[in-house]
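A structural walkthrough
Below, each chain spelled out in residue letters.
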Amino acid sequence: MGKLDGRVAFITGAARGQGRSHAIRLAEEGADIIAVDICAQLDSVPYPMATPDDLAQTVKAVEGLGRRIVARQADVRDFDALQKAFDEGTAELGPVTIVLANAGIGPGGQIAAQQQWDDVVAVNLTGVWNTGRVAIPSMIENGQGGAIVLTSSTGGLVGVGIPDVGFLGYTAAKHGVIGLMRSWANYLAEFNIRVTSVAPTTVKTPMAADGDREAVVGHAPPALARALENALPVWAVDPVDVSNAIVWLVSDDARYITGTIIPVDAGQLNRR
């Protein structure tokens, strides 16, 4: 018997990395999954983004656990496409009571500063808002309550101190996610819908060169290297470390936890 038996989770950015890990861990605990990912490359993103094959691998992993999954390619910046994916998923799997607004991109790329800013804010903040406004009305209507977790970052709690426009946009967006979480938590409490955020340190995903420290900070400004140092003797955590925190947050074990941030940061914030 799992902590999440019979529940349906809507997860963005689910093709790989943290999103795939979340889908697998929630499925291990009994949840069915609506998985969404853009599965396409943005010019402003310096690393290869997820592909349809990656999303298919998430489907295979969840189905291998005996759980149902509906997977769709959709851009979190596109409200209509996201709504369509959500509606198709709920039509097949039933009402959603868990939402993980996980989709996000890292800053960088050899492209105009304005485009870097626009893309990272659109995906990392507007995309989170879109995810909520797609899912929240049905969660209120079905009256079952539920839990929403917004993925922020340690960069959403401190100023990274890098004047690069990509990092500025990333930091601003992740701070915005925290404000959105707090506002939704207050509004949705009367409907027994809890809203929290996770704030990971560097995670071993393609966004962070799968945990290769030299690739991330080898030629970066010293301020960036300092900003990414953890207290515990690890450079990066595994995606499942974040997933385990999320499983707790969306389960009945955390039934009175809302409006707060859970750092999965290996002590990075404490050492500042």
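Quick note: structure is the one above.
Keep in mind it's a predicted model, so treat the numbers as computed, not measured. (Residues numbered from 1 in each chain as written. Predicted model: local features only at pLDDT ≥ 70, side-chain atom pairs only at ≥ 80, totals over all residues. Heavy atoms only, no water.)

1. Re the packing of helix H1 (residues 17-28) against helix H2 (residues 52-64)
Selection criterion: All axes are obtained by fitting lines to C-alpha atoms, using only the stretch in contact for helices, and the reported angles, taken between N-to-C directions, cover 0 to 180 degrees. Helix and strand assignments follow DSSP, with helices taken as H or I runs no shorter than four residues and strands as E runs no shorter than two, numbered in order from the N terminus. If an angle is under 35 degrees, it is roughly parallel; if it is over 145, roughly antiparallel; if it lies from 65 to 115, roughly perpendicular; otherwise it is oblique. Crossings are classed by handedness, with left-handed meaning an anticlockwise turn of the near helix from the far one by less than a right angle and right-handed meaning a clockwise turn. Residues count as neighbours in contact if any of their non-hydrogen atoms are within 4.5 Å of one another. Under the scheme applied, nonpolar residues are Ala, Val, Leu, Ile, Met, Phe, Trp, Tyr, Cys and Pro; charged residues are Asp, Glu, Lys and Arg; polar residues are all the others, including Gly.
The contact between H1 and H2 brings their axes to 9 Å, and the two run at 15°. Classed by the angle they form, the pair H1 and H2 counts as roughly parallel. Both H1 and H2 take part in a crossing whose hand is right-handed. Along its contact with H1, which presents Arg20, Ala23, Ile24 and Ala27, the element H2 presents Asp54, Gln57, Thr58, Ala61 and Val62. Here the residues of the contact of H1 with H2 sort into five nonpolar, two polar and two charged.

2. Looking at the nonpolar core
Put simply, the test is: What we call a nonpolar core is a set of buried Ala, Val, Leu, Ile, Met, Phe, Trp, Tyr and Cys residues that are connected through their side-chain atoms within 4.5 Å. Partly exposed describes any residue whose relative accessible area lies between the buried limit of under 20% and the exposed limit of over 50%, with all areas from a 1.4 Å probe on protein chains only and scaled to the type maximum.
Phe10, Ile105, Ile148, Leu150 and Val195 are the most contacted members of the largest nonpolar core, which totals 42 residues. Put simply, the parts of the chain that give this core at least two residues each are strand E1 (8-12), strand E2 (32-37), helix H3 (79-93), strand E4 (98-101), helix H4 (113-142), strand E5 (146-151), helix H5 (165-188) and strand E6 (193-200). Apart from residues lying up to four places away in sequence, Ile148 is in contact with Val99, Ile136, Met139, Leu188, Ile193, Arg194, Val195 and Thr196. Ala9, Ala14, Ala23 and Val198 belong to the second-largest nonpolar core, a separate cluster that totals 33 residues.

3. Thoughts on the sheet that holds strand E3 (residues 69-73)
Going by this rule: The pairing criterion for strands is at least two bridges between them, as found by DSSP.
The strand order E3-E2-E1-E4-E5-E6-E7 describes an open sheet built from seven strands, whose pairing is parallel. Each edge of the open sheet carries a strand with a single partner, namely E3 and strand E7 (261-264). In this sheet, adjacent strand axes meet at a mean angle of 15° when their direction is disregarded. With four bridges joining them, E6 and E7 adopt parallel strand pairing. What sits directly across from Val198, in E7, is Ile262. Its contacts with the sheet place H1 against E1, E2, E4, E5 and E6, and it is angled at close to 170° to E1. Running over the sheet, helix H8 (residues 239-250) touches E4, E5, E6 and E7 and is turned about 165° from E6.

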